[in-house]
Amino acid sequence: MMKKTPLAMLLLSIPLMMPAVAYDGQQTTVKAPSLMAGVGFNEQYHHRQIALWSLRQIHANIPLVDDPWSVQLLHVMVNQMNATVRQQPVIAMPLINDNQVNAFAVPGGVIGLNTGVVLSADGLDEVASVLAHEIAHLSQRHYEQRADNHKKLLAWQMGGLLTALVASAAGGDAVLAVMAGSQAGMAESVAAHSREHEREADRVGQQILSKSGYDAHAMPRFFHQLHRQVSLNQSSSVFIPSFMQSHPFTMERLSEATARASRYPTVPMSDKQNQARLFDLLYWRLKYLTRQTNLSELTVNVKQSQGARLALAMFFMDDGQYDQAQKTLDEGNFIHDELLFVLVQADLLNAQHRYEEAVRLLKPLQAIYPERRDVRLYLAKNLIATQQAPQAIALLQDLTKKTSHDVQAWQLMQRAYESKAYGDHDERSQEISTIYALQARSWTEFWTDKHEAALRSNAQALKIANAHKSLQSLVAMLQADKEQIVMAKDFKPRF
């Protein structure tokens, strides 16, 4: 369910020290560690460590939408745009389950997006405009410049992240109190530092948009929409969208962005149609996954929206109405290899424990799209259910090697090795599978910021491996894992 709090990594809205806030009748002092000490470090390496540290905090504390298809679509978008201006890839793009219109960028290459951005937009190009704006902040190194005022701003941002996470542990009421008491003061403090950065991010972001095949008008169009919403909110005392708090717009900025947009080429109609189709699928999928639609609304929209039809099938499936879900899919006239249609069909088969049929459905799709993470995860899950653990492991190993922070892949890897251990016939094979299952569990715990649990799982795996001289290569692997966990556990962002 949607977490009822606007917390969404407000990196520009919360200062380092917060006043005491009331929670359950007690006074709780919410503090963030001092981050201003220690500037003698390798900037690029350190900022990557900041990004990975932030990712662990996000996985541990922030409600995420972990739907593989939605995350894949947005991650492809952000990587394509990022490649037009940066050599370093985006490390991760968490999709945050929060209605507030907000996005953020962390030095080192983490870009976060709230579901509220998608659900407030009128098209994929408007979503892309927000992502392009954040990529521009990274490409122009707005968070990494060495001048004292920029180092202070970066410390404020990461301190705000820490404080928000501390507050989130106390509950939604504490978060609201912290935000309400701090946003105004913080906005004034950072305004002088960020004003030019925001204008530059607008300009570079529009270049990124156009170069990536999106309408450059989408940025001022979406920002104008938010600006109108702020004007209405100010007159009715409604909470202002967090993206507007951290990226304050002026009419001058909006006018400049509108004027620039006219200089960019128009987008071909075929590209617009494809973007509209993808947005329709994404919009309704997220609306359903975040529980912001119902049977009545889906039924009304199903006639003109394939996205609503797929969401309606999911609604019936989750309610156990499998025949009605299948009928809804069959009446949609989907192309047989439409990727999201196949994944929803696989979900329906999975819900009915028809795992072998799901495997047969997914294997051709994986052959067509071997690079797609979402298809690999779907196929691996069903291979595990059909006792084909080795095949699942082969699919998942590529994901964990490519992106070691892929929590879903590590979770499935643990299940796959546990299944393999049960099926292994000799003791040595069982022990090896058990070691790898423990390693996968350790990395899942590590990337959800449970360092002590990760070290315990690692120690259990080491104990099994150390009992056999023939497994010394696994001992070396596990020792290396342990060193990485300990280093990360001791890491503290410093500026």
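Since we're looking at a predicted model, the values are computed, not measured.

The next point concerns the overall build of the protein. Scanning the protein for helices and strands turns up 21 helices and five strands. Classification of the 495 residues of the protein by burial places 56% in the buried group. Long-range contacts, defined as pairs at least 24 residues apart, comprise 68% of the intrachain contacts of the protein with a sequence gap of at least 6. Put simply, the protein shows about 21,800 Å² of open surface, and 51% of that area lies on carbon and sulfur atoms.

The full count for this structure, using the stated rule, is nine aromatic pairs. Relative to Y436, the ring of Y417 lies with its centre 5.0 Å away and its plane at 20°, an arrangement referred to as stacked. Separated by 19 residues along the polypeptide, Y417 in helix α18 (residues 407-423) and Y436 in helix α19 (residues 427-447) bring together distant segments of the chain. The rings of W410, W443, F446 and W447 are connected pair by pair, giving a single aromatic cluster.

A separate point is the nonpolar core. Membership of the largest hydrophobic core comes to 113 residues, with the highest contact counts inside it found for M81, I111, L113 and L131. Per-element tally for this core: the top contributor is helix α4 (residues 124-139), with nine residues. Aside from chain neighbours lying at most four places away, what touches L113 is L74, M93, P94, L95, I96, N102, A103, V118, V127, V130 and L131. The next biggest cluster of nonpolar side chains, apart from the first, holds nine residues, and it includes L438, A461, A465 and V475.

Compared with an ideal rise of 1.5 Å per residue, which puts 14 residues at 20 Å, helix α17 (residues 389-402) spans 20 Å between its outermost C-alpha atoms and is within 8% of the ideal. At L396, α17 is deflected by roughly 25°, the largest bend along its length. Those residues of α17 not exposed but buried are A389, A392, I393, L395, L396, L399 and T400. The secondary structure elements touched by the buried residues of α17 are α15 (355-368), α16 (373-385) and α18.

This brings us to the confidence of the model for the protein. Taken residue by residue, the protein gives an average pLDDT of 82. The fraction at 70 or more is 76%. Note that residues 1-41 has pLDDT below 50 and, in this model, 125 contacts with residues that lie over four places away or in other chains. Predicted confidence for residues 165-193 stays below pLDDT 50, and this span has 52 contacts to residues more than four positions away or in other chains.

So, about the sheet that holds strand β3 (residues 95-96). Strand order in the open sheet made by the three strands is β3-β5-β4, with mixed pairing throughout. Here the strands that pair on one side only, and so sit at the sheet edges, are β3 and β4 (103-106). As judged from the two bridges shared by β3 and strand β5 (residues 110-114), these two strands associate in the parallel manner. Bridge assignment links I96 to a residue of β5, and that residue is N114. Packing against the sheet, helix α1 (residues 43-61) makes contact with β4 and β5, and its axis sits at approximately 140° to β4.

Looking now at the side chain of D125. Tracing the chain through its elements places D125 in helix α4. Not counting residues up to four positions away in its chain, the partners in contact with D125 are L209, Y214, D215, A218, R221 and Q275.

Looking now at the pattern of salt bridges. Applying the stated criterion across every chain, the model contains 19 salt bridges. A salt bridge links R285 to D67, with the nearest nitrogen and oxygen atoms 2.8 Å apart. Here D67 lies in the loop between α1 and α2 (68-82) and R285 lies in helix α10 (residues 269-289), a separation of 218 residues in the sequence. Take D67: its relative accessible area is 8%, and that puts it in the buried class. Between R199 and E256 there is a salt bridge, with its nearest N and O atoms 2.4 Å apart. Of the two residues, R199 sits in helix α6 (residues 172-211) while E256 sits in helix α9 (residues 251-261), which places them 57 residues apart along the sequence.

Taken across its five residues, β5 has five buried, putting it largely inside the fold. On β5, burial covers both faces: V110, G112 and N114 on one face and I111 and L113 on the other are all buried. The sheet contact formed by β4 and β5 spans four bridges and is antiparallel. Residue A105 lies in a different strand from β5, and its bridge partner there is I111. Counted along the chain from β4 to the antiparallel partner β5, the turn is three residues long, and its residue G108 has a positive phi close to 105°.

Within the secondary structure, A465 is located in helix α20 (residues 451-466). Beyond its immediate chain neighbours, meaning those up to four positions away, A465 contacts I435, L471, Q472, L474, V475 and L478.

Calculation notes
Residues numbered from 1 in each chain as written. Predicted model: local features only at pLDDT ≥ 70, side-chain atom pairs only at ≥ 80, totals over all residues. Heavy atoms only, no water. Helix = DSSP H or I, 4+ residues; strand = E, 2+ residues; numbered from the N terminus. Buried < 20%, exposed > 50% of the residue type's maximum accessible area, 1.4 Å probe, protein only. Contact = heavy atoms within 4.5 Å. Areas by Shrake-Rupley, 256 points an atom, 1.4 Å probe, with all protein chains shown as cover. Phe/Tyr/Trp six-rings, centres within 6.5 Å; stacked < 30°, edge-to-face > 60°. Core = buried A, V, L, I, M, F, W, Y, C linked by side-chain atoms within 4.5 Å. Expected span 1.5 Å × (residues − 1). Bend = angle between axes of the 7 residues up to and from the residue. pLDDT = per-residue confidence, 0-100. Pairing = 2+ DSSP bridges. Axes fitted to C-alpha atoms, helices over the stretch in contact; angles between N-to-C directions. Salt bridge = Lys/Arg side-chain N within 4 Å of Asp/Glu carboxyl O.

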